[in-house]
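Summary of the model geometry
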Amino acid sequence: MTTSEERARRGSPADGGPSGPDAPSDLPGGEAGWKRSVAGSLAFLRRRLTGEYKIDEFGYDPDFTEHVVLPPLRVLYEKWFRVQTMSLENVPSTGGALLVANHSGTVPVDALMMGLAVHDHHPANRVLRMLGADLVFDTPVLGPLARRAGVTLACNEDAERLLSSGEAVSVFPEGFKGIGKPFSQRYRLQRFGRGGFVSAAISSGVPIIPCSIVGAEEIYPMLADVKPLARALGLPYFPVTPTFPLLGPLGAVPLPSKWLIEFGEPIPTDHLPDGAAEDPMVVFNLADQVRETIQQSLYRLLLRRGHPFLD
Amino acid sequence: MTGLTVLVTGVTGYVGSELAGRLASHPDIDRVIGVDAALPEPASRARLGDAEFARADIRNPIISKVIEAAGVDTVVHASASARTSGSGSRSMAKEMNVLGTMQLLAACQRSSGVRNLIVRSTSAVYGSSPRDAAVATEDTVAHSIPSTGPVRDAVDIEGYVRGFGRRRPDVRIAMPRFAEIIGPTIHTALTRYLSLHPFVPVAAGQDTRIQLVHESDVVALLEHLVHGDFAGSVNVAGDGAMTMTQAIRRAGRIPVHIPQPALEGVGRALRLVPFGGFSAAQIKSLTISRVLDTTFLRRQVGFTPAFSTVGAFDDFVGRLRPVLDARAVRGAEVRIAAALGVPAEPDGPWRHPASPIPIGVPRASRSGSLPPDPGRSAADDPGASGSTSSPRRLFSIDGDAVRSPGGTTRPGSRKR
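Here is what the cut-offs are and how they apply
- Residues numbered from 1 in each chain as written.
- Chains lettered and ligands numbered in written order.
- Predicted model: local features only at pLDDT ≥ 70, side-chain atom pairs only at ≥ 80, totals over all residues.
- Helix = DSSP H or I, 4+ residues; strand = E, 2+ residues; numbered from the N terminus.
- Buried ≥ 20, exposed ≤ 12 C-beta atoms within 10 Å, placed from the backbone.
- Contact = placed C-beta atoms within 7 Å.
- Nonpolar A, V, L, I, M, F, W, Y, C, P; charged D, E, K, R; others polar.
- pLDDT = per-residue confidence, 0-100.
- Pairing = 2+ DSSP bridges.
- Axes fitted to C-alpha atoms, helices over the stretch in contact; angles between N-to-C directions.

Let us now look at the overall build of chain B. Per the secondary structure count, chain B includes 14 helices and 17 strands. Across the 416 residues of chain B, 47% fall into the buried class. Partitioning the contacts of chain B with sequence separation of at least 6, the portion at a separation of at least 24 is 81%.

This is how it looks when you write it as structure tokens:
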């Protein structure tokens, strides 16, 4: 069920590093690992210098994501947050699926951890395409980086395009209301926007998978929000946490909370009649159902986890 | 005289001249008149083949006389939305593109003979804002249109064309929206930018997706639209996308990340040395490309571009001299690996461990020359058709009329 044993059993890409299955395997046992990763890094550098990689129309760059984005996240996932996944089999191995999850933690680390969970621990090693706020794409450095990692704008056009091309997409309908909520409101789901994610799933005929993430709330407990500063900087909120801005850059280190991610039962949408995506009643009801499911399983997972920082 | 009489604008450029030449050698077309405000270069003149050339500025009402006198029924406005280079020519670009189009449309409206109008538009009409969807379909509306600049011009031109369509509902109007055009022959702001040597300045922290269409696909589609009966707007782009830094890397150049506020100053300083110089606005305008959905092009218009975005780009790169050669980089990799006692990974794109198919596309040959197309018939050859067709009347507006000699051969055969 969890992280390291499972990886060792399956020999997931994390061990092999950048090298593919065609990498030479006649190296002596203990040295093979680092030699392969050095060769892999050199090859990666060469591909970067010569532009020998491919991006899709959304800007997703698998080569970059596998070799630059995911490895540091993997350390965070396994060693820092000790993430445990549950019912990962609810995510289909092929075809479109919309994963809807709660959003929290001041910085959207939860989206990345959920993506890594599906990528590393799902039997099909699926790539989770995240939907992000326009603020992400408006920010220098972060915008291009997000596109390379497979994030695209949270709008119905992009979501439907991804879903109907058979991708697994993750969305966080709470948006900034979720990640920017004070610590006192932890694990209380915020409003679910206008339910656009539901209509995207209905019109693409893909199942909705309600996901619950426990642990992200404690990584940067937001004690206060300095609204004037946020307004001046054009940010949705300016967080004050126990370590930030008090400890300066050290405040960027998240607290090592224990994480649980549960993937709920898929809610099918393909049985709905044509035009259901435009029926506000259907959309709101389904959005409520998803929200209720996530809230209930959050409470259940919280009881199960016990102490937020101890295993 | 049952065939078409076609007027092509902008024949000093690659697209206009190649299209005019290609149309002139087609049996269904009686007559092709290429117009431009300037005289074509020898290369363009050679491409014109059997087409006549009339030196006429489309901003001058005289253009309506050309249309009337020749009995033009099909107008291909190939010079609309052409992007000009240089920083000072911004007002010139507007003058040529927007006002030129207005004048041409006015002339077309007057002439009762005009039945078909094909206007070259660009993907710039979709604008570029972080609030836009990643991929634009023909129905996408730009989120925010700046008050000046190429995006504004492209939107204005389309607006005038739509206005014309309302006043002349009997005219079939086709408006292909092209992604950035690239190829070994064409000269655009993008090709000049990527030819900067050895460093190419980019705005730090920005990296846009670009989508390209090969010059031969542009000509082929315009030709397809002249003969067909498609009316409306359609996106035209090669499959796939690249990022700007990837393109710079693939061209064997080294991107230099310059903070946006300093971009203008650096560009001005570079203009002091030969073969350098750019304006911040220019770089900005190069990064407005949007990724287009081309489903409509394939399904409704029945046209599939021969080149993908990367394929078109690699065909262009063949004419450049790389600063950082891909082979040299590979050589360095092998040497470093050998020094460390590590076997280097095989050359080529990365393969995902889970998927047997390569993630990257195999690189096209860097030689840049296209294989000769065996399907090209003798009738396409201007030398052969020149002897059979009736001699054409010289068309003179201001005494500068020229006609390309019949015996010229077109440089190389383009892939079709």
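As for its placement among the helices and strands, H77(B) is situated in strand β4 (residues 74-77). With sequence-adjacent residues up to four places away left out, H77(B) is seen in contact with T9(B), T101(B), L104(B), I118(B), V119(B) and R120(B).

A separate point is the interface of chain B and chain A. Residue-level contacts link 40 residues of chain B with 42 residues of chain A. If you list the elements that add at least two residues to the side of chain B that touches chain A, you get β14 (242-243), α8 (244-250) and α13 (326-339) of chain B. No other element matches the six residues that α13(B) contributes to the side of chain B that touches chain A. Classifying every residue of the side of chain B that touches chain A gives 24 nonpolar, six polar and 10 charged.

Here the focus is the confidence of the model for chain A. Counting all residues, the mean pLDDT for chain A is 89, and 90% of those residues have values of 70 or more. Scored below 50 in pLDDT, residues 1-28 of chain A shows 40 contacts in the model against residues more than four places distant or in partner chains.

We now examine unusual backbone geometry. Residue and element names in this part refer to chain A. Cis rather than trans, the peptide bond between F244 and P245 has omega equal to 0°. As for its position among the elements, P245 is in the loop between β8 (239-240) and β9 (260-263). If you check the backbone angles, R82 has positive phi at about 45° while not being a glycine. Mapped onto the elements of the fold, R82 is located in the loop between α4 (62-80) and β1 (84-86). For R82, a count of 17 C-beta atoms within 10 Å translates into the label partly exposed. At V141, a position not held by glycine, the phi torsion is positive, near 65°. Tracing the chain through its elements places V141 in the loop between α6 (134-138) and α7 (142-148). Assessed through the 12 C-beta atoms surrounding it within 10 Å, V141 is described here as exposed.

With that settled, consider the environment of L116(A). All names here are of chain A. Mapped onto the secondary structure, L116 falls in helix α5 (residues 109-121). You can call L116 buried: it has 22 C-beta atoms within 10 Å. Along the sequence, L116 and L142 sit 26 residues apart, while their C-alpha atoms lie 19 Å from each other. Excluding its chain neighbours within four sequence positions, the residues that come into contact with L116 are L70, L73, R74 and Y77.

All names here are of chain A. Here we have seven strands laid out as an open sheet, ordered β1-β9-β6-β2-β5-β3-β4, and mixed in their pairing. Across the chains shown, the open sheet's two edge strands, defined by having one partner strand only, are β1 and β4 (152-153). One ladder, built from three bridges, connects strand β3 (residues 128-132) with strand β5 (residues 168-171); its direction is parallel. Within the sheet, the bridge partner assigned to L128 lies in β5 and is A168. Most of the contacts of α5 go to β3, to which it runs at about 165°, and overall it touches β1, β2 (97-101), β3, β5, β6 (208-214) and β9. Sitting on the sheet, helix α12 (residues 280-305) touches β2, β6 and β9, and the angle it makes with β6 is about 35°.

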